[in-house]
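Coordinate inspection notes
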Amino acid sequence: MSEIATPSNATTDVATPPPEVRPYQERTTTPRKFREPSGWLRFISLFVITAAIAHLLTAFYLAGQDQQSSYTKLAAALEPLTFHKIDNTSLRGSGHGDTTRLPFLGVDALNIVCVFSSEQSPVWVQAELPDRAWTAGVYRDDGTTAYFATAIAGRPTSIDLKIVPDVERFQGLTPQARGHASSGTPPINVVAPKGLIVIRAPDQGASYRQNHEAQLAKAECGAQPSDEAGDRAPSPRDASTAE
Amino acid sequence: MADASFDTAQAALTGAADNGVIAAAPAPARPSILPDPVRRLIGRIGRLTLTAIALAAAISLGSLSAQRFVANGFYLTTDSFGPWEQWHDEGRSDADPYTRAHSLGRGTIRLSADVAGVYEARVDAEGARLHSSCDYSIEGPNVDGLWWSLSVFDSNGALIDNEADRHAFTSDTAALNPNGSFTITLGRDARHGNWLPTGGAGRIVVVFTLLDPATGLSPEARASRHLYLPTIRSEGCS
């Protein structure tokens with residue numbers, strides 16, 4: 001067994017160089033276990049990060065899945081650009097079965113729906129909300145609301161909308177630009193490439209139902225001809241008003 | 001004790017003293033019947049297997065938690081007021097991905113949270129699951145002239161078939177108390193007053209909708225819609 005080299009030995013034995021003992025330097029550096037994460041720490045970090053990425057990817061994936069959306073169901077079942085009365089009972093009775101049933105659609109209101117796509121041409125909507133709790137809404141295909149109006153009690157509210165796919169697209173000349181006089185208040189522009197127009201009449205009992213259905217039947221939606229992009233297409237209501 | 005430490009230090013330094021560098025003493029080798037390359041291969045396969053299992057578990061955990069958050073909500077997407085739950089950004093253009101996925105996956109037409117409060121209850125005030133074998137009394141306050149509705153569905157969101165063809169009451173169709181409050185009863189057997197039949201439905205869901213006035217509500221008033229929520233009290237089960 002050789003002797004331990006010490007500084008005192010080094011001074012006495014000139015031929016043997018002193019060993020490089022650096023206890024002071026070892027203590028001042030960062031301990032190894034903090035400098036390099038242990039296997040478990042790396043493992044747990046990898047697990048958490050992977051789970052978080054999977055979580056976010058799944059959430060965003062589900063947010064883009066519209067196979068079960070109300071728009072997808074109704075667009076497959078209903079003729080576009082026409083208002084249809086819908087409720088769970090009528091959809092079941094129409095032969096569409098459960099594929100078009102809209103869950104949690106109650107009978108607390110009579111609903112009429114118009115399926116639209118404004119990508120080819122703008123869509124116009126006209127309706128009148130006669131009393132409190134009557135509502136009109138434009139829902140995009142992703143379920144978000146593009147427009148909503150609620151009637152004021154005792155004061156009929158006219159709805160006149162022009163639905164366009166985006167605000168940047170040229171929609172044609174306005175009537176004024178083509179030399180025609182303005183026919184009144186211009187319609188409100190609503191941005192929605194595809195979606196549903198829903199008008200709700202509150203349930204006020206059986207005695208009101210016929211009246212409400214008659215009022216709902218007056219609501220109209222339709223495509224605007226491309227050569228009259230600045231105007232809305234003439235509707236039967238316009239014709240009757242002109243007469 | 002001091003001698004033992006000295007011996008250890010001496011042993012550690014012995015091998016390095018000749019080179020002038022201190023080195024740690026080599027660990028004693030364990031006897032093994034497998035050659036080193038095989039042992040290394042087995043160790044590598046084991047680590048890879050464990051890593052693959054851990055990754056699969058992490059992906060499953062992340063995916064399932066996202067699906068659960070989308071289906072049931074969590075504190076960032078839903079508000080709970082006793083038995084009532086509300087997706088507070090439903091129908092809004094700036095809704096988070098969980099709320100959007102929830103709306104799309106459910107596939108129904110709901111009033112936006114900007115214009116109405118839509119609340120769902122699947123449990124009663126005691127936290128017990130709402131079930132058609134029980135009778136319930138739902139009592140709500142005067143809602144100051146706002147339009148409201150209360151509808152009952154089965155757990156899949158379908159209307160509960162019944163001979164009376166009753167599925168909902170609104171502020172226009174319910175018989176109100178003299179002070180404007182209301183009481184609606186749920187149960188299998190017919191009762192006087194505002195009775196909604198639930199017989200044979202199994203688990204049931206109650207939806208309360210409170211429509212804002214045409215002039216809209218301030219964010220503060222919107223946040224206090226829940227003050228109008230009714231209470232759901234069980235009156236016994238059969």
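What you see is a predicted model, and the numbers here were worked out from it, not measured in a lab. Throughout, residues of each chain are indexed from 1 in the direction in which the sequence is written. Following the order in which they are written, the chains are lettered starting with A and the ligands numbered starting with 1. The predicted nature of this model means local features are confined to residues of pLDDT at least 70 and side-chain atom pairs, given and counted, to a pLDDT of 80 or more, with totals for whole chains, interfaces and linings taken over all residues. Side-chain measures were taken over the full set of non-hydrogen atoms in the model, leaving aside hydrogen atoms and water.

1. Describing the environment of G180(B)
All names here are of chain B. Inspection of the secondary structure puts G180 in the loop between strand 6 (168–170) and strand 7 (182–187). Throughout this description, buried means an accessible area under 20% of the type-specific maximum (1.4 Å probe, protein chains only), exposed means over 50%, and partly exposed covers the range between. Given the relative accessible area of 15%, G180 is considered buried. Note: C-alpha distance between G180 and Q67 (113 residues apart in sequence) is 41 Å. Residues count as neighbours in contact if any of their non-hydrogen atoms are within 4.5 Å of one another. Setting aside residues no more than four positions away along its own chain, G180 makes contact with P141 and N142. Helix and strand assignments follow DSSP, with helices taken as H or I runs no shorter than four residues and strands as E runs no shorter than two, numbered in order from the N terminus.

2. Remarks on helix 5 (residues 70–77) of chain A
For helix 5 of chain A, every residue scored as buried is listed here: S70(A), Y71(A), K73(A) and L74(A). Along the axis of helix 5 of chain A, the buried positions cluster into a sector of 165°, meaning they face one direction only. Here, the arc refers to the directions that run from the helix axis to the C-beta atoms.

3. Here we look at the packing of helix 4 (residues 39–63) of chain A against helix 3 (residues 97–106) of chain B
Angles run from 0 to 180 degrees between N-to-C directions of axes, and those axes are lines fitted to C-alpha atoms, restricted for helices to the stretch in contact. Where helix 4 of chain A contacts helix 3 of chain B, the axes come no closer than 7 Å and their chain directions differ by 45°. Between helix 4 of chain A and helix 3 of chain B, the angle is such that the two are oblique. As helix 4 of chain A packs across helix 3 of chain B, the resulting crossing turns out to be left-handed. In this structure, helix 4 of chain A uses H55(A), L56(A), A59(A), F60(A), L62(A) and A63(A) to contact helix 3 of chain B, whose residues at the interface are P97(B), Y98(B), R100(B), A101(B) and L104(B). By the convention adopted, Pro, Cys, Tyr, Trp, Phe, Met, Ile, Leu, Val and Ala count as nonpolar, Lys, Arg, Asp and Glu as charged, and the other residues, Gly among them, as polar. A class-by-class count of the residues in the contact of helix 4 of chain A with helix 3 of chain B yields nine nonpolar, one polar and one charged. Note on angle classes: values under 35 degrees are labelled roughly parallel, values over 145 roughly antiparallel, values of 65 to 115 roughly perpendicular, and the remainder oblique. Helix crossings are classified by the rotation of the near helix relative to the far one: an anticlockwise turn of less than a right angle makes the crossing left-handed, while a clockwise turn makes it right-handed.

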